[in-house]
Amino acid sequence: MFPFKKRLNNVEIDKSRLPAHIAIIMDGNGRWAKRRGMPRNIGHREGTNALRRIVHKCNDIGIKYLTVYAFSTENWNRPQSEVNTLMDLLYEFLKNADKEIAGRNVRIRVIGDDYRLTDKIKEEIARVQETTKSNDGMNLIIALNYGGRSDIVHAVRNIAEQIKSGEIKPEEICEDTIEQKLYTYGIPDPDLLIRTSGEQRTSNFLIWQLAYTEFWFTKTLWPDFKEEHLFEAILNYQNRDRRYGGV
Ligand code: IPE
Ligand code: IPE
Ligand code: MG
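Everything numeric in this text was worked out from a predicted model, so none of it was measured. (Residues numbered from 1 in each chain as written. Chains lettered and ligands numbered in written order. Predicted model: local features only at pLDDT ≥ 70, side-chain atom pairs only at ≥ 80, totals over all residues. Heavy atoms only, no water.)

Sorry if this is basic, but what is going on with the sheet that holds strand β7 (residues 192-195) here?
Think of a sheet as strands paired side by side through backbone hydrogen bonds, with each pair either parallel or antiparallel. The sheet built from six strands is open, its strands ordered β5-β6-β4-β3-β7-β8 with parallel pairing. Strand pairing shows two members of the sheet lacking a second neighbour, β5 (107-111) and β8 (214-217), which therefore form its edges. Neighbour-to-neighbour, the strand axes of this sheet turn through a mean angle of 20 degrees, independent of strand direction. Taken together, the seven bridges between strand β4 (residues 65-72) and strand β6 (residues 139-146) define a ladder with parallel strand orientation. Bridging from a neighbouring strand, Y65 pairs with N139 of β6. Strand contacts of helix α3 (residues 80-101): β4, β5 and β6, with the helix running at about 160 degrees to β6, the strand carrying the most contacts. Docked against the sheet, helix α4 (residues 119-131) engages β5 and β6, running at close to 140 degrees with respect to β5. (Pairing = 2+ DSSP bridges. Helix = DSSP H or I, 4+ residues; strand = E, 2+ residues; numbered from the N terminus. Axes fitted to C-alpha atoms, helices over the stretch in contact; angles between N-to-C directions. Contact = heavy atoms within 4.5 Å.)

Any chance you could explain the environment of F217 here in plain terms?
You can see F217 is positioned in strand β8. Counting along the chain gives 38 residues from F217 to E179, while the straight-line C-alpha distance between them is 27 Å. The residues touching F217, leaving out its near neighbours within four places in the chain, are R195, E199, Q200 and R201.

Honestly, the pattern of salt bridges in this entry has me stumped. Any pointers?
Opposite charge on two side chains lets them pair, provided their charged atoms get close. One pass over the structure, following the stated rule, counts 19 salt bridges. A salt bridge links E130 to K133, with the nearest nitrogen and oxygen atoms 2.7 Å apart. Here E130 falls in the partly exposed class, since its relative accessible area comes to 48%. On the basis of relative accessibility, which here comes to 44%, the residue K133 falls in the partly exposed class. The partner of E199 in a salt bridge is R201, and the shortest N-O contact between them spans 3.5 Å. Using a relative accessible area of 47% as the deciding quantity, one classes R201 as partly exposed. A single network of salt bridges, built from pairs that share partners, joins D27, R31, R195, E199 and R201. (Salt bridge = Lys/Arg side-chain N within 4 Å of Asp/Glu carboxyl O. Buried < 20%, exposed > 50% of the residue type's maximum accessible area, 1.4 Å probe, protein only.)

How should I be thinking about the site of ligand 2 in this particular structure?
Close to ligand 2 lie I25, M26, D27, Y69, A70, F71, S72, N75, R78, R195, R201 and S203, which account for all nearby residues. Between ligand 2 and D27 there is a distance of 3.2 Å, counted from an oxygen atom to a side-chain nitrogen or oxygen. At a separation of 2.6 Å, an oxygen atom of ligand 2 approaches a polar side-chain atom of S203. About the coverage of ligand 2: the protein hides 78% of its 380 Å² of free accessible area. (Near = heavy atom within 4 Å. Polar contact = N/O pair within 3.5 Å; in protein donor to acceptor, adjacent residues only side chain to side chain. Areas by Shrake-Rupley, 256 points an atom, 1.4 Å probe, with all protein chains shown as cover.)

Just checking my understanding: could you explain the pairing of β7 for this structure?
Side-chain alternation along β7 places L192 and I194 on one buried face and L193 and R195 on a second face that is also buried. With four bridges connecting them, strand β3 (residues 21-25) and β7 associate as parallel partners. The partner of I24 across the bridge, within β7, is I194.

Explain the packing of helix α2 (residues 40-61) against helix α7 (residues 227-238) here, please?
Each pair of packed helices gets described by two things: the angle between the helix axes and the distance between those axes. The contact between α2 and α7 brings their axes to 10 Å, and the two run at 50 degrees. Taken together, α2 and α7 sit at an angle that is classed as oblique. Of the two elements, α2 crosses α7, and the hand of that crossing is right-handed. Touching I54, K57, C58 and I61 of α2 are E227, L230, F231 and I234, all from α7. Classifying every residue of the contact of α2 with α7 gives six nonpolar, no polar and two charged. (Parallel < 35°, antiparallel > 145°, perpendicular 65-115°, else oblique. Left-handed = near helix turned anticlockwise from the far one by under 90°. Nonpolar A, V, L, I, M, F, W, Y, C, P; charged D, E, K, R; others polar.)

Now the structure itself:
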């Protein structure tokens, strides 16, 4: 049995109907710090701790894929010192990831553009992906320098190259062709998207992949996000009627 409380207000989560893939927009670190009169960087540090907690919890309950939005292609527009803090925290997270997930059979993958990342981070990404690649438990997917539009642009370029070389014909392009070129190739689309901090937008996260995802928003700021919020989101998801355009 799993060592977790599976009851929320006496309603049980149905473990046979868990979302296979949960995506999270971890938002509200800055406001969390501001409310405490602290610098935003402290909020980001607490946000990393929340991420660790939720990775463990999702793994414990048997979620197969967890994708977290760690840094968007637009986040470069923040002050340089904040960008540096976020990159340092991500570097630390990746560096300690093996220790963190030791014995938990978690596979780590990173999606996003790598061209603005430092060599130091790129090396850690390559290392952690390599050392965890045979783990067949939960897949933790970290969206780092990720943008949904950039994901599509990258795919279109790839397909254009294939057309140029005569590998495929334009009329052969279908949804699968595009899907195969996205960073998320091989990963099922998210079933549930969670966004914290009260904002209700996608902010350029997985725009293709979220076509039929169920959205759940909470005012809770990311550093305060705990097991009970995760369960509340899953429970809410389990009460949705997913029709995919049918009746
Ligand atoms: C989320 O928290 C972290 C990242 C976007 C990297 P924010 O830094 O966006 O926090 P708020 O939205 O300003 O409160
Ligand atoms: C989205 O949050 C990006 C991440 C959580 C990494 P933002 O805080 O950057 O999004 P906006 O600016 O509120 O849309
Ligand atoms: Mg924000």
